[in-house]
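What follows is the residue order along each chain.
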Amino acid sequence: PPGHSFSLELDTTGQLPARHSSIRVELECMCSREQLLGDTLCFLHHPDDKLLRDRSSSLLHTLCTRSYLDVEKIACWVQPLVRSAWLLLPQSQHCQLAVLPSSRSCRFQLTGTSKVSICTEMIFAVQQ
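What you see is a predicted model, and the numbers here were worked out from it, not measured in a lab.

## Some points on the overall build of the protein chain
Here comes step 1: Along the backbone of the protein chain there are 3 helices and 7 strands.
Here comes step 2: In sequence order, the protein chain lays out its α and β elements as β-β-α-α-β-β-α-β-β-β.
Here comes step 3: In the protein chain, which comprises 128 residues, the proportion classed as buried is 21%.
Here comes step 4: Here the analysis covers contacts within the protein chain between residues at least 6 apart in sequence; of these, 30% occur between residues at least 24 apart.
Here comes step 5: Accessible surface, the protein chain as shown: approximately 9400 Å² in total, 56% of it carbon and sulfur.

## Description of unusual backbone geometry
Here comes step 1: Of note in this structure, arginine 66 is not a glycine but carries a positive phi near 55 degrees.
Here comes step 2: Residue position: arginine 66 is located in the loop between strand E3 (64–65) and strand E4 (68–69).
Here comes step 3: We note that lysine 115 has phi near 70 degrees; this positive angle belongs to a residue other than glycine.

## Side note on the environment of leucine 8
Here comes step 1: Tracing the backbone shows leucine 8 in strand E1 (residues 4–8).
Here comes step 2: On the basis of relative accessibility, which here comes to 26%, the residue leucine 8 falls in the partly exposed class.
Here comes step 3: The sequence separation of leucine 8 and valine 25 amounts to 17 residues, and the corresponding C-alpha distance is 9.2 Å.

## Details of the pattern of salt bridges
Here comes step 1: Throughout the structure, instances matching the rule amount to 2 salt bridges.
Here comes step 2: In this structure, glutamate 72 engages arginine 104 in a salt bridge whose closest nitrogen and oxygen atoms are separated by 3.8 Å. With glutamate 72 in helix H3 (residues 71–88) and arginine 104 in the loop between strand E5 (95–100) and strand E6 (105–112), this pair connects stretches of sequence that are 32 residues apart.

## Some thoughts on the nonpolar core
Here comes step 1: One finds Leu63, Ile74, Val78, Val82, Trp86, Leu97, Cys106 and Phe108 forming the largest nonpolar core, which totals 8 residues.
Here comes step 2: By residue number, the principal contributor to this core is H3, which donates 4 residues.
Here comes step 3: If we skip the residues at most four places from it in the chain, isoleucine 74 touches Leu63, Leu69 and Phe124.

## Some points on the side chain of aspartate 70
Here comes step 1: Relative to the helices and strands, aspartate 70 resides in the loop between E4 and H3.
Here comes step 2: Despite its burial, aspartate 70 pairs with no opposite charge; the closest candidate is lysine 73, at 5.1 Å N-O.

## Considering the side chain of threonine 111
Here comes step 1: Mapped onto the elements of the fold, threonine 111 is located in strand E6.
Here comes step 2: Side chain to side chain, threonine 111 and serine 117 meet in a polar contact 3.1 Å long.
Here comes step 3: Not counting chain neighbours up to four residues away, the residues in contact with threonine 111 comprise His94, Cys95, Gln96, Val116 and Ser117.

Conventions we followed
Residues numbered from 1 in each chain as written. Predicted model: local features only at pLDDT ≥ 70, side-chain atom pairs only at ≥ 80, totals over all residues. Heavy atoms only, no water. Helix = DSSP H or I, 4+ residues; strand = E, 2+ residues; numbered from the N terminus. Buried < 20%, exposed > 50% of the residue type's maximum accessible area, 1.4 Å probe, protein only. Contact = heavy atoms within 4.5 Å. Areas by Shrake-Rupley, 256 points an atom, 1.4 Å probe, with all protein chains shown as cover. Salt bridge = Lys/Arg side-chain N within 4 Å of Asp/Glu carboxyl O. Core = buried A, V, L, I, M, F, W, Y, C linked by side-chain atoms within 4.5 Å. Lys, Arg positive; Asp, Glu negative; His and termini not counted. Polar contact = N/O pair within 3.5 Å; in protein donor to acceptor, adjacent residues only side chain to side chain.

Everything listed here is a matter of coordinates, which is why it stays silent on function.
What follows is the structure, given as structure tokens:
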């Protein structure tokens, strides 16, 4: 979202790690965008805008542990969104969606009226 930056942490040699890297999330200054476009407030420099700051910190708290994205928190956040979005699709009238237990991904099973089931898994990854 605007006002947030994401950076892949380098390993001790200064190289990008091949697997299991940490993604640091930081608030960034949006003052110039605020002045030019007026479509957002700078979370860093508007301490009086408690509602917006709370919304931003809530997102960080929901998806991060300390200043890093937490895949387990992301999975917990995405699973109910998938469930809610499914109910808005016309296919939900003919297929049942079950969100399967998983702490590091989003797994679901679709079962049609003919009792044929399809399982799928959404794995969270980052592409630079």
